[in-house]
Amino acid sequence: MKSNPVTILGLIVFAGLLAAAPARAEDAPAPANCEVPAYLLTTESPLSKVEDAINHRKLEILVVGSRSSTINASEASAYPGRLQAMLQERLPKVAVSVSVELQIKKTAEEVASGLGKLAEAKKPALVIWQTGTYDAMRSIDPDDFRSAVGEGVAALQNAGADVVLMNLQYSPRTETMISTPPYLDNMRVVAQEHNVPLFDRFAIMHHWSDSGDFDLFSTSHGLDLAKRVHDCLGRALSKFVIEAAHVSPAQQN
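All figures in this text were calculated on a predicted structure; none of them were measured in a lab.

Helix and strand counts for the chain stand at ten helices and five strands. Relative to its full complement of 253 residues, the chain shows a buried share of 52%. Contacts in the chain between residues far apart in sequence, at least 24 positions, make up 84% of those at least 6 positions apart. Total accessible area on the chain stands at roughly 11400 Å², and carbon and sulfur atoms take up 48% of it.

Structure follows, in structure tokens:
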């Protein structure tokens, strides 16, 4: 029996429909135990444009994402907003801005075609491209997916932006419904080919699930679970970006 994409989407996504905004103190969820193994936050691919932007004390980041980059009715708690808050906290002398461009229900190929123009128009130092989920749901040919992601990354680089690829969410409820390994593997290949960091959201969330930090199988936690997961993702992503940009301790705090 063929899986219903709408059903799968409902199981995968923690998020709502609104784009993330800069976080306010009252929007921050209670801290969760969301440690990430060091190897998952280490990359040999540099973010030189980010490093330069930090040196000039103005860092603009664009998140190109889907519903899972948002939280319904609590947009400031979504991971882009938490990323901005965490980077601003660690880089108090830098004006940090994180904006979101939603690309809902679009394959990597459909998104890639407009990435170059988007980066040229907004001129971010860094584009975080979250992709793979919809392609996996649609069972897009993995080779076509890899080609599309490669073309999108190349377009962003040609437009003068650093790129971080972010892969799929991990959800134990969907492991038997969609095949994720071909898409995870191909994103890793593209990251290596283009020398861009890959933020392995799938492995990070898998670790949290296995360690008992989050019950990602349950559907009963709703908004609270989404806020805590997004907060942890924002914290992990801020560490990842700072390391890849080779920010010195003297530049932080």
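Now, onward.
In this structure the tally under the stated criterion is one disulfide. Between the sulfur atoms of Cys34 and its disulfide partner Cys232 the distance amounts to 2.2 Å. Looking down the S-S bond of the Cys34 and Cys232 bridge, the torsion is -85°, so its handedness is left-handed. Residue Cys34 is located in the loop between α1 (5-12) and α2 (48-55), and its partner Cys232 is located in helix α10 (residues 222-244); the two are separated by 198 residues in the primary sequence.

Below, the discussion takes up the nonpolar core. Leu59, Ile128, Trp129, Leu165, Phe199, Trp208 and Leu237 are the most contacted members of the largest nonpolar core, which has 71 residues in total. Counting residues per element, this core draws most heavily on α10, at ten residues. Leu165 has contacts with Trp129, Val149, Val153, Met187, Val190, Ala191, Val196, Pro197, Leu198 and Phe199, leaving out every residue within four places of it along the chain.

Going through the model one piece at a time under the given rule, you end up with three aromatic pairs. Arranged with centres 5.3 Å apart and planes meeting at 90°, the rings of Tyr170 and Phe202 form a pair that is edge-to-face. Residue Tyr170 is found in the loop between β4 (162-166) and α8 (181-194), and its partner Phe202 is found in helix α9 (residues 201-211); the two are separated by 32 residues along the sequence. Judged by relative accessible area, which is 4%, Tyr170 ranks as buried. Judged by centre distance (5.5 Å) and plane angle (65°), the ring pair of Phe199 and Phe240 falls under edge-to-face. In this pair, Phe199 is assigned in strand β5 (residues 198-199) and Phe240 in helix α10, connecting sequence segments 41 residues apart. There is no split in this pair, since Phe199 and Phe240 are both buried.

Take a negative patch on the surface next. Residues Glu109, Glu110, Asp141, Asp144 and Glu151 make up a contiguous surface patch of negative charge. Secondary-structure elements contributing two or more residues to the negative patch are α4 (108-112) and α7 (142-158). Here Glu151 is to be found in helix α7. The exposed category is assigned to Glu151, whose relative accessible area is 53%.

Our next topic: the sheet that holds strand β3 (residues 126-130). Across the sheet, five strands lie side by side as β2-β1-β3-β4-β5; this open sheet has parallel pairing. The two strands at the open ends of the sheet, each matched to only one other strand, are β2 (95-102) and β5. Bridging between β3 and β4 involves five bridges; their strand directions are parallel. Bridging from a neighbouring strand, Ile128 pairs with Val164 of β4. Contacting β1 (58-65), β3 and β4, α2 runs over the sheet at an angle of about 140° to β1.

At a minimum axis distance of 9 Å, the contact between α7 and α8 shows a crossing angle of 35°. Classified by chirality, the crossing of α8 by α7 is right-handed. Contact with α7, carried on its side by Pro142, Phe145, Arg146, Val149, Gly150, Val153, Ala154 and Gln157, involves Pro182, Tyr183, Asn186, Met187, Val189, Val190 and His194 of α8 and no other residues of that element. The class makeup of the residues in the contact of α7 with α8 is ten nonpolar, four polar and one charged.

So, about the pattern of salt bridges. For the structure shown, the criterion picks out seven salt bridges. Of the charged contacts in the structure, one is a salt bridge between Arg146 and Asp143, with a shortest N-O distance of 3.0 Å. Of this pair, Arg146 and Asp143 both sit in helix α7, three residues apart, which is roughly one turn of that helix. Asp224 is the salt-bridge partner of Arg228, the closest N and O atoms lying 3.2 Å from each other. Here Asp224 and Arg228 lie together in helix α10, a separation of four residues that amounts to about one turn. Owing to a relative accessible area of 45%, Asp224 belongs among the partly exposed residues under this scheme. In this structure, a network of salt bridges that share partners links the residues Arg82, Asp231 and Arg235.

Rules behind the numbers
Residues numbered from 1 in each chain as written. Predicted model: local features only at pLDDT ≥ 70, side-chain atom pairs only at ≥ 80, totals over all residues. Heavy atoms only, no water. Helix = DSSP H or I, 4+ residues; strand = E, 2+ residues; numbered from the N terminus. Buried < 20%, exposed > 50% of the residue type's maximum accessible area, 1.4 Å probe, protein only. Contact = heavy atoms within 4.5 Å. Areas by Shrake-Rupley, 256 points an atom, 1.4 Å probe, with all protein chains shown as cover. Disulfide = S-S within 2.5 Å. Core = buried A, V, L, I, M, F, W, Y, C linked by side-chain atoms within 4.5 Å. Phe/Tyr/Trp six-rings, centres within 6.5 Å; stacked < 30°, edge-to-face > 60°. Patch = residues over 30% accessible without salt bridge, like charges linked within 9 Å, V, L, I, M, F, W, Y side chains within 5 Å. Salt bridge = Lys/Arg side-chain N within 4 Å of Asp/Glu carboxyl O. Lys, Arg positive; Asp, Glu negative; His and termini not counted. Charge placed at Lys NZ, Arg CZ, Asp CG, Glu CD. Pairing = 2+ DSSP bridges. Axes fitted to C-alpha atoms, helices over the stretch in contact; angles between N-to-C directions. Left-handed = near helix turned anticlockwise from the far one by under 90°. Nonpolar A, V, L, I, M, F, W, Y, C, P; charged D, E, K, R; others polar.

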